[in-house]
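# Secondary and tertiary structure notes
The chain contents come next:
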Amino acid sequence: MFIGLSAFAPTPLAEAAVDEPAYGRLIARLARAGVDSIGALGSTGSYAYLDRAERARAVAVAVRHAGEVPVIAGVGALRMRDILHHVEDAQEAGASAVILAPMTYEALSDDEVFALYEEVCANLSVPLAIYDNPVATRVTFSDELHSRVAQLRPVAAIKLPLPAVGVEALAARVTRLRALVPATVAIGVSGDDAAAAGLSAGCDLWFSVLGGTLPIECLALVRAAQRGAADDAAATSARLQPIWQLFARYGTYRVVAALTEQLGLVPRMHLPRPVRSLDADGMRSVAEALTAANIRL
C-alpha cells in the first residue's frame, strides 16, 4: 500500500453536504487509472472542514468505489475525542489505513505529539501514516520525533514535507530517517513539485495532491522514477511546472478545486466558507496552466 502513487482526491461539496455521487465518480476514476492507493479526506479533501457524519460517509463512499485499491483515510482533528471517533468510523467503513496530522490551536510539545500518536495507535487495527505538515499544523517533526513515533505499532509510513531549505536537503533527510526508523516504515514525499526529486532520492511513494485529479500524468512520473529513469521523471515534473507555480501562488486547496472544475470532473467545486474559490483571473490562470502543460480538457 505505501509505495508508488498515493492519490489524494478532492471532496466535492454541495452547498450543505458532500456531493456523494460526484465523490464516488472521482474515486472510481482514480481506481481505473491504476493508482497504488487512494487518499480520502486529505488536506485538499477538506477533512478539517467536515463534521463526523460527513467524514464517515465520505470514507464509506471512497471504500465502496475504490474496488481493490486501498483507501487511506484522514483522521486528524483538534481533540483526541474526535480523532478517536474518526478512527473508529474509518475502520468500520473498511479503510485500509489512516493518516494522521497533529492538528492544534495551542502549540504542542514533542511529548504531547508522541502521546497523541500513542493513544491513536492503541485504538487501531490498520496501519497508520504520520502526516508531517508543519505549514498547516504548526507542528515541526524533528528526525528524533519521527524516530520516536515510528517505533509505535502500527505506524507504517511517514509523509514528509519539502524541507524549507529546498529539494537539495530532501535526500539527506531521507537518508537520516532511514537510519532512525524501522525498516518496515515507508518514507513518502508530499510536496508535489519535489516528487521527482524525492522518489529519485529514495522515497518509497508520493503522497500526491495532483494525483487526485491528474492520475495518469502523476503515474507517469512515479513509474519513471520506479524504473530508475530519473531524467524521465524530472521531465514529467517539468511539464507540470505551470501547475506547481499556481500551487505556490494560490495554495493547493484552491487550485485543486479549480482543476477539478476545469477538467469537467464536477460541474461546480464549492469550497467551505469562509474559504473562497479562485476568482475569474485565477480560473483563467488554471486553464492556461493546463494548456501549457499539454493537458487536454
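Heads up: these notes are all about the structure in this document.

As a further point, take the layout of surface pockets. One number sums up the size of the largest pocket: a volume of about 1300 Å³. In this structure, the largest pocket is lined by 44 residues; those nearest its centre are Tyr131, Asn133, Val135, Ala136 and Thr252. Elements represented by at least two residues in the lining of the largest pocket include exactly helix 5 (134-137), helix 7 (168-180), strand 8 (205-208), helix 11 (241-250) and helix 12 (252-262). In terms of residue count, helix 5 provides more of the lining of the largest pocket than any other element does, four residues in total. Roughly 350 Å³ of volume is contained in the second largest pocket. Lining the second largest pocket are 18 residues, with Glu15, His270, Leu271, Pro272 and Arg273 sitting closest to its centre. Here the lining of the second largest pocket is built from residues that sort into eleven nonpolar, two polar and five charged.

The subject of this paragraph is the packing of aromatic side chains. Using the criterion set out here, one finds four aromatic pairs in the structure. The interplanar angle of 70 degrees and the centroid separation of 6.2 Å between the aromatic rings of Tyr117 and Phe141 together place this pair among those described as edge-to-face. One end of the pair, Tyr117, is in helix 4 (residues 110-122); the other, Phe141, is in the loop between helix 5 and helix 6 (143-150), with 24 residues separating them in the sequence. Among the residues examined, Tyr117 registers a relative accessible area of 0% and is labelled buried. Looking at Phe141, the relative accessible area reads 4%, which means it is buried. Residue placement shows Arg148 over the ring face of Phe114; its charged tip is 4.2 Å from the ring centre.

Further remarks concern the sheet that holds strand 7 (residues 186-189). The strands that make up a sheet pair up through hydrogen bonds in the backbone, lying either parallel or antiparallel. If you walk around this closed barrel you meet the eight strands as 1-2-3-4-5-6-7-8, and the pairing is parallel. Taken pair by pair, the neighbouring strands of this sheet meet at an average axis angle of 25 degrees, ignoring direction. Sheet strands touched by helix 9 (residues 215-226): strand 1 (4-8) and strand 8. Its angle to strand 1, the strand with the most contacts, is close to 155 degrees.

To continue, consider the side chain of Asn133. Looking at where Asn133 falls in the secondary structure, it is placed in the loop between strand 5 (128-131) and helix 5. With near-sequence residues (within four places) excluded, Asn133 lies in contact with Ser43 and Arg138.

The rules behind these values
- Residues numbered from 1 in each chain as written.
- Predicted model: local features only at pLDDT ≥ 70, side-chain atom pairs only at ≥ 80, totals over all residues.
- Heavy atoms only, no water.
- 1 Å grid on protein atoms, 1.4 Å probe; cavity = no way out; pocket = protein on both sides within 12 Å on 5 of 7 lines; lining within 4 Å.
- Points joined across faces, edges and corners; volume = space filled by probe spheres on them.
- Helix = DSSP H or I, 4+ residues; strand = E, 2+ residues; numbered from the N terminus.
- Nonpolar A, V, L, I, M, F, W, Y, C, P; charged D, E, K, R; others polar.
- Phe/Tyr/Trp six-rings, centres within 6.5 Å; stacked < 30°, edge-to-face > 60°.
- Buried < 20%, exposed > 50% of the residue type's maximum accessible area, 1.4 Å probe, protein only.
- Lys NZ or Arg CZ within 6 Å of the ring centre and 35° of its normal.
- Pairing = 2+ DSSP bridges.
- Axes fitted to C-alpha atoms, helices over the stretch in contact; angles between N-to-C directions.
- Contact = heavy atoms within 4.5 Å.

Remember, this is a structural readout, not a statement about activity or role.
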